[in-house]
Amino acid sequence: MNTLLGRRTRVLAATTAAAGLMLVAACTSSDDGGSGSKTAAGGVELVKAGQLTTCTHLPYPPFQSEIDGKVQGFDVSLIDLVAKDLGVEQEIRDTPFENFKTGAFLNSGECDLAAAGMTITEERKKNVDFSDPYFDATQAVLVAKDAGVDSLAEIKSKNVKLGAQAQTTGEDYVTKQGFDPVSFESSDAVLNGLRTGQVKAVVIDYPVVQGWLKDKATADAFEVVDNLNTGEQYGFTVKKGNTKLVAAIDKAIADARADGTYKKLYEQWIGPYDAAAASPSAS
């Protein structure tokens, strides 16, 4: 449903992230046959007529990344289901990740929702409203095979340089464990930090690592030595008080689970489907 026409200027981890460029989707339909109404099916109010505008942060495979000129991934596919139910199409905007904590782009009316592999936390709930959980996530400890460590504890005891993606729960977790991690601006930058030897180990969401290890060169050089069950669950976010859009998202997720679409998308983007692991427990 969505197409990518622009690319975000990448910035180094030490620089301040600039506002993302708009990733525009071709949108020709609207809920009322083309009159330009911003009210979609179910009375959901949209920031722009005929489209569901999604803020994300690229790249974050397998949840969202540019593939063959289009933004694709597990999150993208799930939100496409929401857009279909609303009778519109999805448009994606690439934005700095720090804005997801504050809900800045939701509050300013630039986006209807945010989808970025976002962990549900009590702190974030103060600024945004979350959908039901749609994914259970753990943190993986990925190391260079020549690092000589086999756990997060050894990384600490041997003073191995550790990296993490900035502004994420993975970075928060290792900081609370007494680490001073090297911060990288994106998941791609985390992997590049490993490849170039800036760090010898990283902590990042396990599904991301699964995607990386599909590449033979990466699998030959790096390995997972620890998996941290931090009790994290992903949710989509909307502006506080936007109950109708939350309801639409929750319905689309529930319907997808019930009719097998969720399983199909999970296997397409994540890997083998384990119903027990993939079905979020109560928050």
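Residues numbered from 1 in each chain as written. Predicted model: local features only at pLDDT ≥ 70, side-chain atom pairs only at ≥ 80, totals over all residues. Heavy atoms only, no water.

**Overview of the packing of aromatic side chains**
Centre-to-centre distance and the angle between the planes together describe a pair of aromatic rings.
Argument step 1. In total, this model carries 13 aromatic pairs according to the counting rule given.
Argument step 2. Relative to Phe 135, the ring of Phe 74 lies with its centre 6.2 Å away and its plane at 65°, an arrangement referred to as edge-to-face. Taken together, the residues span a long stretch of sequence, with Phe 74 in helix 1 (residues 74–86) and Phe 135 in strand 8 (residues 135–144) at a distance of 61 residues.
Argument step 3. Accessibility expressed as a relative area gives 3% for Phe 135, which makes it buried.
Argument step 4. One aromatic cluster is present, formed by Tyr 60, Phe 63, Phe 74, Tyr 134, Phe 135, Tyr 234, Phe 236, Tyr 262 and Tyr 266 through successive ring pairs.
Argument step 5. Here the basic side chain of Lys 156 rests over the ring of Phe 179, its NZ or CZ set 5.8 Å away from the ring centre.
Argument step 6. In this arrangement the basic side chain of Arg 257 is found over the ring face of Tyr 262, its NZ or CZ atom lying 4.1 Å from the centre. (Phe/Tyr/Trp six-rings, centres within 6.5 Å; stacked < 30°, edge-to-face > 60°. Helix = DSSP H or I, 4+ residues; strand = E, 2+ residues; numbered from the N terminus. Buried < 20%, exposed > 50% of the residue type's maximum accessible area, 1.4 Å probe, protein only. Lys NZ or Arg CZ within 6 Å of the ring centre and 35° of its normal.)

**A look at the pattern of salt bridges**
Argument step 1. In this structure the tally under the stated criterion is 9 salt bridges.
Argument step 2. In this structure, the salt-bridge partner of Arg 93 is Glu 110, at a minimum N-O distance of 2.9 Å. Taken together, the residues span a long stretch of sequence, with Arg 93 in strand 5 (residues 89–94) and Glu 110 in the loop between helix 3 (104–107) and strand 6 (113–114) at a distance of 17 residues.
Argument step 3. Relative accessible area serves as the criterion here: at 11%, Arg 93 is assigned to the buried category. (Salt bridge = Lys/Arg side-chain N within 4 Å of Asp/Glu carboxyl O.)

**Focus on helix 10 (residues 243–259)**
Argument step 1. With 17 residues, helix 10 ought to run about 24 Å at 1.5 Å a step, and its terminal C-alpha atoms sit 24 Å apart, in line with that.
Argument step 2. Leu 245, Val 246, Ala 248, Ile 249, Asp 250, Ala 252, Ile 253 and Ala 256 are the residues of helix 10 that are buried.
Argument step 3. Each element contacted by the buried residues of helix 10 is listed here: strand 2 (51–56), helix 1, strand 6, strand 7 (128–130), strand 13 (237–239) and helix 11 (261–269).
Argument step 4. At the C-terminal side of helix 10, Gly 260 shows a positive phi close to 95°. (Expected span 1.5 Å × (residues − 1). Contact = heavy atoms within 4.5 Å.)

**Thoughts on the state of the cysteines**
Argument step 1. Scanning the entire structure with this criterion turns up 1 disulfide.
Argument step 2. Across a sulfur-sulfur distance of 2.0 Å, Cys 55 and Cys 111 are joined as a disulfide pair. Measuring the twist about the S-S bond at about 70°, one finds the Cys 55-Cys 111 disulfide to be right-handed. Of the two residues, Cys 55 sits in strand 2 while Cys 111 sits in the loop between helix 3 and strand 6, which places them 56 residues apart along the sequence. Here the two residues Cys 55 and Cys 111 agree in accessibility, since each one is buried. (Disulfide = S-S within 2.5 Å.)

**Looking at the pairing of strand 8**
Argument step 1. Most of strand 8 sits inside the fold, with 8 of its 10 residues counted as buried.
Argument step 2. Pairing analysis gives 9 bridges linking strand 8 to strand 12 (residues 222–234), with the strands arranged antiparallel. The partner of Ala 137 across the bridge, within strand 12, is Glu 232. (Pairing = 2+ DSSP bridges.)

**Quick look at the confidence of the model for the protein**
Argument step 1. Chain-level statistics for the protein give a pLDDT mean of 83 and a share of 84% at 70 or above.
Argument step 2. Of the regions scoring below 50 in pLDDT, residues 277–283 engages in 19 contacts with residues more than four places distant in sequence or in other chains. (pLDDT = per-residue confidence, 0-100.)

**Focus: the pairing of strand 11 (residues 201–205)**
Argument step 1. Across the 5 residues that make up strand 11, a large majority, 5, are buried.
Argument step 2. Of the strand pairs in this sheet, strand 8 and strand 11 are connected by 5 bridges, and their pairing is antiparallel. Bridge pairing in strand 11 places Val 143 opposite Ala 201.
Argument step 3. With 3 bridges connecting them, strand 9 (residues 162–165) and strand 11 associate as parallel partners. From the neighbouring strand, Ala 164 faces strand 11, where its bridge partner is Val 203.

**Digging into the packing of helix 1 against helix 10**
Argument step 1. Put simply, helix 1 and helix 10 touch, their axes get as near as 9 Å, and they point 115° apart. In terms of axis orientation, helix 1 runs roughly perpendicular to helix 10. You can see that helix 1 and helix 10 cross each other, and the crossing is right-handed. Contact with helix 1, carried on its side by Leu 81, Val 82, Asp 85 and Leu 86, involves Leu 245, Ala 248, Ile 249, Ala 252 and Ala 256 of helix 10 and no other residues of that element.
Argument step 2. Partitioned by chemical class, the residues of the contact of helix 1 with helix 10 number 8 nonpolar, no polar and 1 charged. (Axes fitted to C-alpha atoms, helices over the stretch in contact; angles between N-to-C directions. Parallel < 35°, antiparallel > 145°, perpendicular 65-115°, else oblique. Left-handed = near helix turned anticlockwise from the far one by under 90°. Nonpolar A, V, L, I, M, F, W, Y, C, P; charged D, E, K, R; others polar.)

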